[in-house]
Amino acid sequence: MSSASLWMRFRQTLGRSLREMGQALDRVGVRGQQIAHGRKRLVGDDPHIFDDFLSRHRHQMPLLERGSPRVDDHIAYLAPCSTLIGSVRIGPGSSVWYKAILRADSCENAYNDDVEPWKLNEQRFQDGSSSVGGAIYIGSNSNVQDGCVITARKNHTVIGDGVTIGHLAQIHSATVHDHCLIGMGSILLEGSVVEEEAFVAAGAVVQPNTVVSSGELWVGNPARKLRDLTEQEREKLHYQASEYVKVAQGQRGVMELGGNLPDTLIEHAMLASPEPIENATVDNEHVDSAESNLKTKNEPIETSEAQVEAEEEQPLKAASGQ
């Protein structure tokens, strides 16, 4: 594939300038709004609180010669602090969670928008080129949980449908078939393959070019087969992935209100609910009910303490002959 054209470089530079200018204008607007209010906010902090540095962090990072992330329009959730770099493809219903990094920046893929892995040049390692890697492909209804690192430095990384990748797991140029569970903190090294409905336990390290067969449980460092999964355990692999799709859909509106608290709780209720007035009334009723229940619960405690004191006094009176 050819290198980036002059037009692509110009478009990249112009886009970066517009993004940074937009961030700067946003900060000016928020600062002006807070000064205009001139009063403390809901939590008692100073009104002039928005004074951070210009951020160059990008959620999705297209690279001139390494390709651009392609995310399906029907993705379940893409956390705002996750990072997709280079040739990354994510299918419908999948989710990428907080601080996860998907990095495919070692391939020559400036113009390739394919959603399926392309054939890599078998002589790429002998040519002395830095473009020896592949892309990252994630199927549908899979989840990449918090803090995961996925790379494609030596070959494509392919993750199938309904796959659960636990927190802080690492996958490097490996293949994971459908409905697998990659446990927390586990590592899949280059060329390893995890077949359908397999389970790599937390902390396991699957060595390069190792095949984890379908329906097996692998543990340890280096990882080895412990036993076969039961039918119930296999079914649970499907269940976990589908449940994470539901959890992800509940996170989709997390950034709609931004990071600043509204001025009042009523304003917050109006922004968060399609029927703010009714919800506000219900919330007040619940609060009043909770307060009355708390008072009711405290009353027997006071009575029981008085009874205890009276019971303690009775033996003393009897001893003194009263």
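Residues numbered from 1 in each chain as written. Predicted model: local features only at pLDDT ≥ 70, side-chain atom pairs only at ≥ 80, totals over all residues. Heavy atoms only, no water.

In terms of helices and strands, the protein chain carries four helices and 22 strands. Taken over 322 residues, the protein chain has a buried fraction of 34%. Intrachain contacts of the protein chain at a sequence separation of at least 6 include 34% that bridge at least 24 residues. Approximately 19200 Å² of the protein chain is accessible, and the part contributed by carbon and sulfur atoms is 54%. (Helix = DSSP H or I, 4+ residues; strand = E, 2+ residues; numbered from the N terminus. Buried < 20%, exposed > 50% of the residue type's maximum accessible area, 1.4 Å probe, protein only. Contact = heavy atoms within 4.5 Å. Areas by Shrake-Rupley, 256 points an atom, 1.4 Å probe, with all protein chains shown as cover.)

So, on to the side chain of His156. Relative to the helices and strands, His156 resides in the loop between strand 10 (149–151) and strand 11 (157–159). Within the structure, the side chain of His156 is placed 2.9 Å from the backbone nitrogen of Ala135, a separation counted as a polar contact. (Polar contact = N/O pair within 3.5 Å; in protein donor to acceptor, adjacent residues only side chain to side chain.)

With that settled, consider the confidence of the model for the protein chain. Confidence in the prediction of the protein chain, expressed as mean pLDDT, is 76, and 61% of residues score 70 or more. Counting contacts from residues 273–287, a segment whose pLDDT is below 50, to residues more than four positions away or on other chains yields three contacts. Contacts from residues 315–322, a stretch scored under 50 in pLDDT, to residues over four places away or in other chains number one contact. (pLDDT = per-residue confidence, 0-100.)

This part covers the sheet that holds strand 15 (residues 181–182). Ordered in space as 3-6-9-12-15-18-21-22, the eight strands form an open sheet in which the pairing is mixed. A single partner strand is all that each edge strand has here, and the edge strands are strand 3 (77–78) and strand 22 (224–228). Judged from the two bridges that link them, strand 9 (residues 143–144) and strand 12 (residues 164–165) form a sheet pairing that is parallel. Paired with Val144 across the strands is Ile165, a residue of strand 12. (Pairing = 2+ DSSP bridges.)

The next point concerns unusual backbone geometry. Each neighbour pair has its own omega, and for Asn221 with Pro222 the value is 0°, a cis peptide bond. Looking at the secondary structure, you find Pro222 in the loop between strand 21 (216–219) and strand 22. Even without a glycine there, the phi angle at Lys99 is positive, about 70°. Counting through the fold element by element, Lys99 comes out in the loop between strand 6 (95–96) and strand 7 (101–104). Positive phi, normally seen in glycine, also occurs at His179, with a value near 60°.

Right, let's talk about the pattern of salt bridges for a bit. In total, this model carries seven salt bridges according to the counting rule given. Close ionic contact of Lys225 with Asp228 constitutes a salt bridge, the shortest N to O distance being 3.0 Å. We classify Lys225 as partly exposed; its relative accessible area is 40%. For Asp228, a relative accessible area of 45% puts it in the partly exposed group. (Salt bridge = Lys/Arg side-chain N within 4 Å of Asp/Glu carboxyl O.)

Moving on: the nonpolar core. Judged by nonpolar contacts, the single largest core of 33 residues is most densely connected at Ile90, Leu102, Ile165, Val176, Leu188 and Val194. Counting only elements with at least two residues in this core, the list comes to strand 5 (88–90), strand 7 and strand 8 (136–138). Setting aside residues up to four positions removed in sequence, Ile165 forms contacts with Asn143, Val144, Gln145, Cys148, Ile150, Ile159, Ile171 and Ile182. (Core = buried A, V, L, I, M, F, W, Y, C linked by side-chain atoms within 4.5 Å.)

What follows concerns the pairing of strand 21. On any regular strand, side chains alternate: one points to one face of the sheet, the next to the other face. Burial of strand 21 is two-sided: the residues Glu216 and Trp218 facing one way and the residues Leu217 and Val219 facing the other way are all buried. In this structure, strand 18 (residues 199–200) lies alongside strand 21, joined through two bridges in parallel fashion. If you follow Val200 over to strand 21, its bridge partner there is Trp218. As defined by bridge partners, strand 21 adjoins strand 22 across four bridges and the pair is classed as antiparallel.

If you check helix 2 (residues 231–249), its first and last C-alpha atoms are 28 Å apart, about what 19 residues at 1.5 Å a residue would give, namely 27 Å. Those residues of helix 2 lying buried are Leu237, Ala241, Val245 and Ala248. Axial view of helix 2: buried residues confined to an arc of 80°, hence all on one face. Exposed and oriented more than 90 degrees from the buried face of helix 2 are Glu231, Gln232, Glu235 and Lys246. Here the buried face of helix 2 lies against strand 3, strand 6, strand 9, strand 12 and strand 15. (Expected span 1.5 Å × (residues − 1). Arc of directions from axis to C-beta.)

Here we take up the packing of aromatic side chains. The final tally for this structure, using the stated rule, is five aromatic pairs. Here the aromatic rings of Trp97 and Tyr244 are separated by 5.5 Å at their centres, their planes lie at 90°, and the arrangement is edge-to-face. Pair noted here: Trp97 is in the loop between strand 6 and strand 7 and Tyr244 is in helix 2, with a separation of 147 residues, a long-range link. A relative accessible area of 22% places Tyr244 in the partly exposed class. (Phe/Tyr/Trp six-rings, centres within 6.5 Å; stacked < 30°, edge-to-face > 60°.)

Either a parallel or an antiparallel arrangement is found when strands of a sheet pair, and the pairing is made through backbone hydrogen bonds. Taken in spatial order, the seven strands of this open sheet run 1-4-7-10-13-16-19, and their pairing is parallel. Strands at the two margins of the open sheet, each flanked by one partner only, are strand 1 (60–61) and strand 19 (205–206). Relative to strand 13 (residues 170–172), strand 10 runs parallel, the two being bridged by three bridges. Paired with Ile150 across the bridge in strand 13 is Ile171.

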